[in-house]
Amino acid sequence: MKITARPLAAALLAATMLTPAMVAKASTQTLLRLDEVAVGELDPGKASDYADSILMFNVYDTLVLPVQGGPGYAPHLAESWEADGTDFIFKLRDDVNFQSGNPLTAEDVVFSFERMKELGQGLSFVFDKVESAEAIDEHTVRFNLTEAYSPFEASLVRLPIVDKKLVMENLGEGEGEMKDWGQAYLSGNSAGTGAYKVVSHNPQQETVMEKNRDYFLGVPEEAPDQVRLRYGLEAATVRTLIAQGEHDISSQWLPPEVLKSLAADGAQILTETGGGAFYIKMNTQKPPLDDVNCRLALAKAYDYAAGITMVAVTDDVAQGSPSTGGIPVGMFGAAEEMLQRDLEAAKQHLADCKYSPEDFTLELSWIGEVPIEERFALLMQANFAELGIKSEIRKVPWALFTEQVAKPENTPNISQIFANAVTGDPDTLLYPMYHSSVAGTWQSPEYLKDDKVDELLAKGRTVTDPAEREATYAELNDRLMEIAPTIYGYDRQSLFAASNRVKAPALSDPEKAFGLDGMGFSFRLMEMTGE
């Protein structure tokens, strides 16, 4: 056979020429652009924050999912399950493959559980009551609990299933048979069955994902072909990008006036109401807030109504609703009466405090990546000044904050956080905040040590009767209001400004909403309109 050589330039030109069909295909590729606060944690054993949740719910799958538009949980990777006391047995689907092509088996579920427990990070605490997991056969797995644990099914939405074979092929340096359990690999690569694959990942800048066209449930053509999740964009930048048609969905952290301006310019306002709230945390182990009367004085002096006004976007829409206490409305144990400011009661509590206002200055911290918190720090400063209490406001980057709160002596007097029930059950909101065994995380800078609170939290985990759970959490709420470890700013409603290029039914239609923060950002359920 005769081979004819061509000049190099001609060969390169031929190799790079696009046919009309290729051009058409490229031009119809849809791109969804959104942002969140850094960092984006890609490792399922470490994920805990909102950005992490978005990654988990798209790149990985779980055995069950929350029912859209209602309570309860529906099969997902598991096609069915049954409970027998402290044993839960799940039958897996037999038509699921990981993005690597490896088939899903019960061994992958066991491995995912054991890996999360071994790392002991992220949301591993939700599985404290699970003693072990075992593969009964290729598609059946059993979880053995140490005792009755009513939120167990809810907890499973936080167990992303990992491709064991792929991870074992990519173990990094470490001690023992499992070395690093694949931490180095999974910090930048995905090993899930999810509807979207990771193309590239920089936890401080951007994660790029694309459709997994082999997804076991299929991904609709209308869903975005590619997604760019960007981290740490300034509010002004997001506002400009959306106005110019170069961004699709903002984070939930835009200041109210920016949301209001974008809405006036025609942007959508998407909503997500989950089991969470805005919490003003008081360090109970450091003077003067180790005195309950000093804490009660601050809680009574805080202007709750002004706080709601500060997060209002329109007359009808706000980033929060009035708080009724330590448990958000809609959860077991929530009270009915809205919290209100009572300055006279505040003065009386301060008079009963063993510390005198002239002898201390409170440190009011706010998270640098969440600008709205500075306004609340200023509101508190003004409120507390009416009691004669001096304070200093300090901006703290998130990474530094999580480091500081590891020790009570380094934790500010006042911290501000947004937190939610990561499984949709009150246990996963309240236990990691207030049980004495878990103090010193970003969720628990109060360092609360209260036997009654510990007792009620433990009881809420074990009783299964709904009426009994209601009574238990109502008693817990009363106790929290009595000892005031926290000022309950407002129940949270997340608002997102969005372009009209995207439709997100789970964030706009209550009948299609999930009762779990972040799951509304399941990209396979969105549509790109091309407008």
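One structure accompanies this document, and this report is about it. Predicted, not measured: the structure shown is a model, and the values here were computed from it.

What counts and what doesn't
- Once a new chain begins, its residue numbering starts again from 1 and follows that chain's sequence as written.
- Restriction of local features to residues with pLDDT of at least 70 applies here, the model being predicted, together with a cutoff of 80 or more for giving and counting side-chain atom pairs; totals for whole chains, interfaces and linings are based on all residues.
- Heavy atoms throughout the structure, all of them, feed into the side-chain values; hydrogens and water do not.
- Lines are fitted to the C-alpha atoms to define the axes, a helix being fitted only along its stretch in contact, and any angle between axes, read from their N-to-C directions, falls within 0 to 180 degrees.
- Under the DSSP-based scheme used, a helix requires at least four consecutive residues in state H or I and a strand at least two consecutive residues in state E, with every element numbered from the N terminus.
- Take the far helix as your reference; a near helix turned counterclockwise from it by less than a right angle gives a left-handed crossing, and one turned clockwise gives a right-handed crossing.
- In what follows, a contact means two residues having at least one pair of non-hydrogen atoms within 4.5 Å.
- Note that Gly is not counted as nonpolar here; it falls among the polar residues with everything else outside the nonpolar set of Ala, Val, Leu, Ile, Met, Phe, Trp, Tyr, Cys and Pro and the charged set of Asp, Glu, Lys and Arg.
- Aromatic pairing here means that ring centres of Phe, Tyr or Trp (its six-membered ring) are within 6.5 Å. Orientation follows from the plane angle: under 30 degrees is stacked, over 60 is edge-to-face, and everything else is tilted.
- Relative accessibility thresholds used throughout: buried, under 20% of the residue-type maximum; exposed, over 50%; partly exposed, between the two (1.4 Å probe, protein chains only).
- When the NZ atom of lysine or the CZ atom of arginine is within 6 Å of a ring's centre and also within 35 degrees of its normal, the charge is said to sit over that ring.
- DSSP calls a pair of strands paired once it identifies at least 2 bridges connecting them.
- The criterion for a disulfide is a pair of cysteine sulfur atoms lying within 2.5 Å.

With respect to the packing of helix H15 (residues 427-434) against helix H17 (residues 466-483)
Logical step 1: Between H15 and H17, whose axes approach to 13 Å, the crossing angle comes to 35 degrees. In the packing of H15 onto H17, the handedness of the crossing is left-handed. Where H15 approaches H17, its residues Asp427, Leu430 and Tyr434 are matched on the opposing element by Arg469, Tyr473, Leu476 and Leu480.
Logical step 2: Within the contact of H15 with H17, the residues separate by chemical class into 5 nonpolar, no polar and 2 charged.

Thoughts on the packing of aromatic side chains
Logical step 1: Scanning the entire structure with this criterion turns up 22 aromatic pairs.
Logical step 2: Look at Tyr50 and Phe521: their rings are 6.3 Å apart centre to centre, the planes differ by 85 degrees, and that puts the pair in the edge-to-face class. Pair noted here: Tyr50 is in helix H3 (residues 50-59) and Phe521 is in the loop between strand E19 (502-503) and strand E20 (527-528), with a separation of 471 residues, a long-range link.
Logical step 3: Given the relative accessible area of 7%, Tyr50 is considered buried.
Logical step 4: Relative accessible area serves as the criterion here: at 2%, Phe521 is assigned to the buried category.
Logical step 5: With centroids separated by 5.9 Å and ring planes inclined at 85 degrees, the aromatic side chains of Tyr279 and Tyr488 adopt a geometry described as edge-to-face. Taken together, the positions of Tyr279 in strand E12 (residues 276-282) and Tyr488 in strand E17 (residues 486-492) put the pair 209 residues apart, joining distant regions of the chain.
Logical step 6: Classification of Tyr488 as buried rests on a relative accessible area of 3%.
Logical step 7: Aromatic rings pair up to connect Trp81, Phe88, Phe90, Phe113, Phe127, Phe143 and Phe152 into one cluster.
Logical step 8: Directly above the ring of Tyr279 sits Lys281, whose terminal nitrogen or CZ lies 5.3 Å from the centroid.
Logical step 9: Taking NZ or CZ as reference, Arg461 lies 3.5 Å from the ring centre of Tyr431, over its face.

Considerations on the sheet that holds strand E8 (residues 196-202)
Logical step 1: If you walk across this open sheet you meet the 4 strands as E1-E10-E9-E8, and the pairing is mixed. The open sheet has two edge strands with one neighbour each: strand E1 (31-36) and E8. Recorded for the sheet is a direction-independent mean angle of 15 degrees between the axes of neighbouring strands.
Logical step 2: Where E1 and strand E10 (residues 226-231) come together, 6 bridges link them in parallel fashion. Paired with Leu31 across the two strands is Gln226, which belongs to E10.
Logical step 3: Across the sheet, H3 lies against E1, E8, strand E9 (206-211) and E10, angled at about 165 degrees from E10, the strand it touches most.

Some words on the state of the cysteines
Logical step 1: If you walk through the whole model with that rule in mind, you get 0 disulfides.
Logical step 2: You can see Cys294 has no disulfide; the closest cysteine sulfur is in Cys353, sitting 3.5 Å from it.
Logical step 3: Judged by relative accessible area, which is 1%, Cys294 ranks as buried.
Logical step 4: Judged by relative accessible area, which is 9%, Cys353 ranks as buried.

Distances and angles like these do not, on their own, reveal function.
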